[in-house]
Amino acid sequence: MILSINIVENNMLNMLLIAAIYLGIFSVAGLFLVLLERKVAAWFQLRLGPNRVGPWGLLQTMADALKLVSKELTGTVKADKFLYNLAPYFVIISSLMALAVFPFTQEFQAFDINIGIFFLIAISSIGVIGILLGGWASNNKFALIGAMRSGVQTISYELSVGLSLVTMVLLTGTLQLSEIIEVQKNGWLIVQGHIPAIIAFMIYMIAGTAETNRAPFDMVEAESELGAGFHTEYSGMKFAYFFLAEFINMFIIAAIAATVFFGGWLEPAWLTPLGIAEVFPAIGVFWFLGKTFALVFLMMWFRWTFPRLRVDQLLTLEWKYLLPLNLLNIVLMALIVWLGLTIQI
Amino acid sequence: MSYFGDIYKGIKTLLTGMSVTGKVFLNNKNNSITQQYPDNRETLKMFNRFRGEVVMPHNEKNEHTCTGCQKCEIACPNGSIEIIWDRQIDPESGKKKKMIDQHIYHLGMCTMCGLCIEACPTDAILWAQNYENSVYDRSALTKVLNQPGSKIMPGVED
Ligand code: SF4
Ligand code: SF4
């Protein structure tokens, strides 16, 4: 099955069809990410996790989603109605848009834009506008504090995410995701770029976790002090949008890392002689999702290990440590590329 | 150079933490500490000291051992027990004496402290072993412990 999709050549109907497929797959995938998170959390804490609805609790989040859909949409009287209702869509649309550019296999990519990485960074920072809108329009002090923290956090860590990806772009020489993967046919970038690539990966994972507003960087929601942060006043499906967006964002951050550092849909080099990929190209989806979920697991591991940072510690970490290191790292990477010290397999 | 020292120390401690949680994650299958919900209602044997709710046992002749002394009512710290009593002629001795009409127990207020059961001189009330006490209407949580038509077991007051 070849799913070669080129927006320019195909008509409107095709676009809508693809959009519907993506929406369908990712809203269900988002639900199962929530389930995965709850199971992983349970295993980290010596618990069992959801185990009542369906076998091993597999349908638990489906039931939760149905419950949320059937719930009443409440809101505050003094909320700014228009912005209040707009905010969840901002958040969910921006995270769904980012999904379009990922190459799942060689053939399966909805939108192969030549500024792929740039597009991803740009889109992922739009989501924070939704959070700010939601917090502001709710007319609730906790929501506002949460939203402002989100602004501070995302603006700061956006820099590190961007710069660590720029470090890798120095190696690839292109922003287009399909070509970035093409470059990695000579070895994954984390191997090609060795030391600076590993540093960039570490910075990327830290900053990426902060971008998704997850623990240990969940200043935005901070259940123990802010209620639920920026979405305190949301209920029902609007709340579910925020919730789903958080998990899709986690998937996106992991998918970017898998694509840029770990070769996307490419199989590990030691498997290439077997030639499975030539006979059966769709296996790439397996590799891509496998790498992505390994990184998603890493982020869950962070969440259930580290204590939350205070706001000032959060900013210290970014501006005093990650950012200077990142800038140094770019210089190092530039030197390595210039002197031709990369490792090519 | 404490700047880079801090970074080194930070990364090291983070990795230590991750190795601890990672080990827990890998070993959790056998020693999960969760107590499962008791679904096996038929075969379940509850613990002796389990406190479900306060009940008053009756024998086959519909007799209980509550004398209506009100000690449990006084002992209860939050007023979960109300004894409604009056003085009636005892059919056997022909004397007037105190008898309970209704022993009212508010399960919804009870903190399961057990002081009433400690206080009862005739062991008329004790702990039940049931654990599914939720109801749809809170008025169902107000219970009359002595069964209708029941009377005190002869000889308890002697
Ligand atoms: S157990 Fe404690 S709270 Fe409950 S009725 Fe007896 S004395 Fe009152
Ligand atoms: S239950 Fe026991 S303490 Fe309470 S009134 Fe009856 S005999 Fe007295």
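Thresholds, definitions, all that
- Residues numbered from 1 in each chain as written.
- Chains lettered and ligands numbered in written order.
- Predicted model: local features only at pLDDT ≥ 70, side-chain atom pairs only at ≥ 80, totals over all residues.
- Heavy atoms only, no water.
- Pairing = 2+ DSSP bridges.
- Helix = DSSP H or I, 4+ residues; strand = E, 2+ residues; numbered from the N terminus.
- Near = heavy atom within 4 Å.
- Nonpolar A, V, L, I, M, F, W, Y, C, P; charged D, E, K, R; others polar.
- Domains from an automatic or database assignment.
- Phe/Tyr/Trp six-rings, centres within 6.5 Å; stacked < 30°, edge-to-face > 60°.
- Buried < 20%, exposed > 50% of the residue type's maximum accessible area, 1.4 Å probe, protein only.
- Lys NZ or Arg CZ within 6 Å of the ring centre and 35° of its normal.
- Contact = heavy atoms within 4.5 Å.
- Salt bridge = Lys/Arg side-chain N within 4 Å of Asp/Glu carboxyl O.
- Polar contact = N/O pair within 3.5 Å; in protein donor to acceptor, adjacent residues only side chain to side chain.
- Patch = residues over 30% accessible without salt bridge, like charges linked within 9 Å, V, L, I, M, F, W, Y side chains within 5 Å.
- Areas by Shrake-Rupley, 256 points an atom, 1.4 Å probe, with all protein chains shown as cover.
- Core = buried A, V, L, I, M, F, W, Y, C linked by side-chain atoms within 4.5 Å.

Residues and elements named next belong to chain B. Strand direction decides the pairing type here: strand S3 (residues 81-89) and strand S4 (residues 96-106), joined by 9 bridges, are antiparallel. For Arg87, the partnering residue across the bridge sits in S4 and is Lys98. Connecting S3 to the next strand, S4, in antiparallel fashion are 6 residues, including Gly94 with a positive phi near 75°. Bridge count between S4 and strand S6 (residues 142-144): 3 bridges; the pairing is antiparallel. Bridging across to S6, Tyr105 finds its partner in Lys143.

Here the focus is the site of ligand 1. Close contacts around ligand 1 come from 14 residues, with Cys76, Cys110, Cys113, Gly114 and Cys116 of chain B the closest. Tallied by class, the residues present in the shell around ligand 1 amount to 10 nonpolar, 4 polar and no charged.

Entries for chain B in the domain assignment read domain 1 (2-33) and domain 2 (47-152). Centre-to-centre, using C-alpha coordinates, domain 1 of chain B lies 55 Å away from domain 2 of chain B.

What follows deals with the packing of aromatic side chains. Taken as a whole and assessed by the stated rule, the structure comprises 29 aromatic pairs over all chains. Aromatic pair Trp43 of chain A and Phe25 of chain B: ring centres 5.9 Å apart, planes at 70°, arrangement edge-to-face. With Trp43 of chain A in helix H1 (residues 12-44) and Phe25 of chain B in helix H1 (residues 2-27), the pair connects residues from two separate chains. Where Trp188 of chain A meets Phe262 of chain A, the ring centres are 6.0 Å apart and the plane angle is 85°; that geometry is what we call edge-to-face. Of this pair, Trp188 of chain A sits in the loop between helix H7 (177-183) and helix H8 (189-192) while Phe262 of chain A is found in the loop between helix H11 (236-261) and helix H12 (276-279), placing the two residues 74 residues apart along the sequence. Note on Trp188 of chain A: relative accessible area 22%, which makes it partly exposed. The class of Phe262 of chain A is buried, set by a relative accessible area of 18%. Members of the aromatic cluster, each reached through a chain of ring pairs, are Tyr22, Phe26, Phe102, Phe104, Phe251, Phe288 and Phe293 of chain A. Geometry around Phe142 of chain A places Lys141 of chain A over its ring, the cationic atom sitting 5.2 Å from the centre. Over the aromatic face of Trp85 of chain B sits the side chain of Lys98 of chain B, whose NZ or CZ is 4.5 Å from the ring centroid.

Our focus in this paragraph is the interface of chain A and chain B. The partner chain B presents 21 residues to the 20 residues of chain A that form the contact. Along the contact surface separating chain A from chain B lie 1 salt bridge. With a closest N to O distance of 3.0 Å, Asp39 of chain B and Arg52 of chain A form a salt bridge. Across the chain A-chain B interface, the total number found is 5 residue pairs in polar contact (both at pLDDT 80 or more). Of all the secondary structure elements, the ones that give two or more residues to the side of chain A that touches chain B are H1, helix H13 (283-303) and helix H14 (311-338) of chain A. Here the side of chain A that touches chain B is composed, by residue class, of 15 nonpolar, 2 polar and 3 charged.

We now examine a nonpolar patch on the surface. On the surface, Val28, Phe32, Trp56, Leu58 and Leu59 of chain A cluster together to form a nonpolar patch covering roughly 480 Å² of accessible area. Along the chain, the position of Val28 of chain A falls in helix H1.

Further remarks concern unusual backbone geometry. The phi torsion at His194 of chain A lies on the positive side, around 25°, for a residue other than glycine. With relative accessibility at 19%, the residue His194 of chain A sits in the buried group. The backbone of Asn62 of chain B shows a phi angle near 60°, a positive value even though the residue is not glycine. Tracing the backbone through its elements, the reader meets Asn62 of chain B in the loop between strand S1 (54-55) and strand S2 (63-64).

All right, on to the nonpolar core then. All names here are of chain A. With 84 residues, the main nonpolar core has Phe102, Met168, Tyr204, Met205, Phe261 and Leu295 as its most contacted residues. For this core, the leading source of residues is H11, giving 16 residues. Counting contributing residues per domain, this core is built from domain 1 (1-70) and domain 2 (75-339), each supplying no fewer than three. When neighbours within four sequence positions are excluded, Tyr204 is seen to be in contact with Val161, Ser164, Leu165, Ile253, Ile256, Ala257 and Phe261.

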